[in-house]
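# Reading the structure
For reference, the chains in residue letters:
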Amino acid sequence: ALLPAGARVEQFVIAPDSGRVVYRAAQDSATVTELYVVPIAGGAITKLNGPLVAGGDVANFQISPDGSRIVYQADQITDNRGEIFGVLITGGVPVKLSGPLVLGGNLFGFDITPDSSRVVYRGDQQVNSLFELYSVPITGGAFTTISNGANVVATVGITPDSTRVVYLATFAISSVVELFSVGVSGGPSVQLNTPLVVGRVVADARLSPDGSRVVYVADEAIDEAFELFSVPTTGGPRVKLNGALTTGGAVRSGSVTYSPDGTRVVYIADQQTDEVFELFSVPVVGGVNTKLNAP
């Protein structure tokens, strides 16, 4: 629709069936960003969020993979808290998905499971400054705390079969970031990396396309000598993927990429010569390490 002077569309996503566009915009007021849906060929516009508190906005949203529902974060009940709501893509009464927040608590992002059944979100919902993972049905209901007391740094991903969540967290030692997986509805957490000493971290982790494995970068053996490892998502023996590192060498965090079929991993490292960063390929389960670039 026509926007007020100075207003703009902040974000838009096309529904999986290509029938609708969902967007955030300051449409009804130049100072309030809200959530709308419209047929992709044009037509009637429907506002999806409920009434917002003074100063509130819709901060972000996702469309469920099956295209039936929208999950969004908004200051709908309390300003600056980012609580999570769900609503049908065609509109209706939004349902609050996140639980009550403690004084000072906030929520920091969410993911929808691939089967569109649940929402996994992170925040200090129950204890201020303890950032946990929560799981709730996408249609609303009781939330479950699934991170088992860990202070969650980030969510790595949800497996394609919607059974497990992989995440980075600190636990016994607050400065040591380690890698875990847990059932999407709860249960015991499984530590995937070899336990680290003070000063070591898992710097990066990537879930394989089929969800069967996680590759991660960590300085497990030598401080600041970051290497690349592969481990089953459900836990088990881990395999080092990179070749022997030269003195001072390391795998570059953030460089790891899977082949689309998930059988190989490509990464950047100064593996052979310190400060000479080259491109390598290796099977995801371990094996012969191949340099891809010319000298």
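Residues numbered from 1 in each chain as written. Predicted model: local features only at pLDDT ≥ 70, side-chain atom pairs only at ≥ 80, totals over all residues. Heavy atoms only, no water.

## A look at the sheet that holds strand β7 (residues 83–88)
The antiparallel open sheet is built from four strands, whose spatial order is β5-β6-β7-β8. Taken across any chain shown, the strands that pair with only one partner, and hence form the sheet edges, are β5 (58–63) and β8 (95–96). (Pairing = 2+ DSSP bridges. Helix = DSSP H or I, 4+ residues; strand = E, 2+ residues; numbered from the N terminus.)

## Focus: the packing of aromatic side chains
All told, the structure shown has eight aromatic pairs when counted by the stated rule. Taking 5.3 Å as the distance between ring centres and 20 degrees as the angle between the ring planes, the aromatic pair formed by Tyr 121 and Tyr 134 counts as stacked. Of this pair, Tyr 121 sits in strand β10 (residues 118–123) while Tyr 134 sits in strand β11 (residues 132–137), and the two are 13 residues apart along the sequence. Seen from their ring centres, Tyr 167 and Phe 180 are 5.6 Å apart, and the 20 degrees between their planes marks the pair as stacked. In this pair, Tyr 167 sits in strand β14 (residues 164–170) while Phe 180 sits in strand β15 (residues 178–183), placing the two residues 13 residues apart along the sequence. Each member of the pair, Tyr 167 as well as Phe 180, is classed as buried. These aromatic residues form a ring-pair network of at least three members: Tyr 121, Tyr 134 and Phe 143. For the cation-ring pair, Arg 252 lies above Phe 277, with the distance from its terminal atom to the ring centre recorded as 4.4 Å. (Phe/Tyr/Trp six-rings, centres within 6.5 Å; stacked < 30°, edge-to-face > 60°. Buried < 20%, exposed > 50% of the residue type's maximum accessible area, 1.4 Å probe, protein only. Lys NZ or Arg CZ within 6 Å of the ring centre and 35° of its normal.)

## Section: unusual backbone geometry
Here Ser 116, not a glycine, exhibits a phi torsion of approximately 65 degrees, which is positive. Note that Ser 116 resides in the loop between β9 (107–112) and β10. Owing to a relative accessible area of 8%, Ser 116 belongs among the buried residues under this scheme. Its identity as a non-glycine residue notwithstanding, Ser 162 has a phi of 65 degrees, on the positive side. Looking at the element boundaries, Ser 162 is found in the loop between β13 (151–158) and β14. Classification of Ser 162 as buried rests on a relative accessible area of 6%.

Geometric descriptors of this kind do not, in isolation, establish any biological role.
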